[in-house]
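One-letter residues, chain by chain:
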Amino acid sequence: MRSSNPVFSRRGFSRDGGYAGFGAAPQAGGPAAVQGNPYAQTQAPTNPYAAGDQQNLTPEQLQQMYGAPPAGPLQTGRMTMDDVVMRTGMTLGTVILAAAAAWIMELPVAVGFGAALVAMVLGLVQSFKRKASPALIMSYALFEGVFLGVISQVYNERWSGIPMQAVLGTMAVFVGVLAAYKTRLIRVNARFQRFVLGAAIGFLLLMSVNLLFAAFGGGDGLGFRSGGMGILFGIIGVLLGAAFLAMDFKQVEDGVRYGAPREESWLAAFGLTLSLVWIYLELLRLISIFRD
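Keep in mind the model is a prediction, meaning the values are calculated, not measured. Position labels on residues start from 1 in each chain and follow its written sequence. This being a predicted model, a pLDDT of at least 70 is required before a residue's local features are given, and a value of 80 or more before pairs of side-chain atoms are given or counted; all residues contribute to the totals for chains, interfaces and linings. Heavy atoms from the whole structure form the basis of all side-chain values; hydrogens and water molecules are not counted.

**With respect to the overall build of the chain**
Move 1: Helices and strands together make up the secondary structure of the chain, namely 8 helices and 0 strands.
Move 2: Note on conventions: DSSP H or I runs of at least 4 residues are helices, E runs of at least 2 residues are strands, and numbering of each starts at the N terminus. The secondary structure elements of the chain, listed N-terminal to C-terminal, are α-α-α-α-α-α-α-α.
Move 3: Classification of residues uses two cut-offs on accessible area relative to the type maximum, computed with a 1.4 Å probe and protein chains only: under 20% is buried, over 50% is exposed, and between them is partly exposed. A buried classification covers 50% of the 292 residues belonging to the chain.
Move 4: The contact criterion used throughout is that any non-hydrogen atoms of two residues lie within 4.5 Å. Considering only residue pairs separated by 6 or more positions, the chain has 76% of its internal contacts joining residues 24 or more positions apart.
Move 5: Here the open area of atoms and residues is found with the Shrake-Rupley method and a 1.4 Å probe, where only the protein chains shown may cover a residue. Summed over all atoms, the accessible surface of the chain reaches about 13900 Å², with 68% contributed by carbon and sulfur.

**Looking at the environment of Phe249**
Move 1: Position of Phe249 among the secondary structure elements: in helix H7 (residues 227–257).
Move 2: Overall, the relative accessible area of 10% leaves Phe249 in the buried class.
Move 3: Along the backbone, Phe249 and Lys182 are 67 residues apart, and their C-alpha atoms lie at a distance of 9.1 Å.

**A short note on the packing of helix H5 (residues 162–182) against H7**
Move 1: To get an axis, fit a line to the C-alpha atoms, keeping to the stretch in contact for a helix; angles then go from 0 to 180 degrees between the N-to-C directions. At their nearest, the axes of H5 and H7 sit 10 Å apart, and the two run at 50 degrees to each other. The angle between H5 and H7 places the two elements in the oblique class. Where H5 crosses over H7, the two elements pack in a sense that is right-handed. Of the residues in H7, those in contact with Val173, Phe174, Val177, Leu178 and Tyr181 of H5 are Val238, Ala242, Leu245, Ala246, Phe249, Lys250 and Glu253.
Move 2: We call Asp, Glu, Lys and Arg charged. Ala, Val, Leu, Ile, Met, Phe, Trp, Tyr, Cys and Pro are nonpolar, and the rest, Gly among them, are polar. Of the residues contributing to the contact of H5 with H7, the split by class is 10 nonpolar, no polar and 2 charged. Oblique is the label for any angle not under 35 degrees, not over 145, and not in the 65 to 115 range, which are roughly parallel, roughly antiparallel and roughly perpendicular in turn. Left-handed is the label given to a crossing in which the near helix is rotated counterclockwise from the far helix by less than a right angle, and right-handed is the label when the rotation is clockwise.

**Considerations on the packing of aromatic side chains**
Move 1: Two aromatic rings, drawn from Phe, Tyr or Trp (for Trp, its six-membered ring), form a pair once their centres lie within 6.5 Å of each other, and the interplanar angle then sorts them: stacked below 30 degrees, edge-to-face above 60, tilted otherwise. Following the criterion strictly, the structure yields 7 aromatic pairs and no others.
Move 2: Considering the side-chain rings of Tyr181 and Phe249, the 6.0 Å spacing of their centres and the 50 degrees angle between planes classify their relative orientation as tilted. Of this pair, Tyr181 sits in helix H5 while Phe249 sits in helix H7, placing them 68 residues apart in sequence. There is no split in this pair, since Tyr181 and Phe249 are both buried.
Move 3: Joined through ring pairs, the aromatic side chains of Phe174, Tyr181 and Phe249 make up one cluster.
Move 4: Counted as over-ring charges are cases with an Arg CZ or a Lys NZ within 6 Å of the ring centre that also lie within 35 degrees of the ring normal. Residue placement shows Arg184 over the ring face of Tyr181; its charged tip is 5.0 Å from the ring centre.
Move 5: The cationic tip of Arg257 hangs over the ring face of Tyr258; the distance from NZ or CZ to the ring centre is 5.8 Å.

**A look at the environment of Arg291**
Move 1: Within the secondary structure, Arg291 sits in helix H8 (residues 264–291).
Move 2: Measuring from C-alpha to C-alpha, the distance between Arg291 and Ser160 comes to 9.8 Å, with 131 residues separating the pair along the chain.

**Describing unusual backbone geometry**
Residues other than glycine predominantly adopt negative phi, and peptide bonds predominantly adopt the trans conformation.
Move 1: Even without a glycine there, the phi angle at Glu106 is positive, about 50 degrees.
Move 2: With respect to the helices and strands, Glu106 occurs in the loop between helix H2 (81–105) and helix H3 (109–127).
Move 3: Its relative accessible area of 59% is what places Glu106 among the exposed residues.
Move 4: Not every positive phi belongs to a glycine, and Arg184 is a case in point at roughly 65 degrees.
Move 5: The residue Arg184 is located in the loop between H5 and helix H6 (190–217) in this model.

In structure tokens:
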């Protein structure tokens, strides 16, 4: 069973042409010491969506320069919170509708895993694109929804009611992380990002090895998805998903604060959808182990 990989959704943290990124080259017109990292601890924060000398301006200075509030509703070319909410609602709505349709039609498991493969490819393509493609993101949501509908039905046949428990758990994680982020109990900085990305890569490598052992050796592979080890790695998976949600919130906050292009709202919606799908699948597995 596949988990979508939100590692590849963090486009806002790794950009080339003038966006924030740890590997981004300094732009002309601005000090190299503060270029490319909006979360630097020792330098003044910069605007990751501005070029040249404007990169070092604060939102208040930008407001004075342009004579308008940052990311205001009248500035149609800049991202607003409403844009993010609307795009996220569209992507999640597509996932939910597709999942419901797949459930009602009782699609075969093979169709579900075929949809998962298509969704993975579409997600990777969008993740490595320089700009958001709404059609690509919505197509990903459609195929991901089909997969979730099929796999949820499979789980429900063995453990009745488990998909609703996973949905409620996902909502609880979302609200909890949002509250922790808003109250600054979670602080997303460069060190936090590096730790989360490193932990996620290690987690994915272990799960891949476990899957290979299960495919060629039968059973549950190395036992990372059952028993006590399954519970441990399930909890780690949920915590990683929660960490990626916090990174999503930081991306949205910076995009609105610094007046990111409106297309960035699609990337924010894409990242949020990936993180929520990840959490839902990990909770589905974790609850199934407890129910056993």
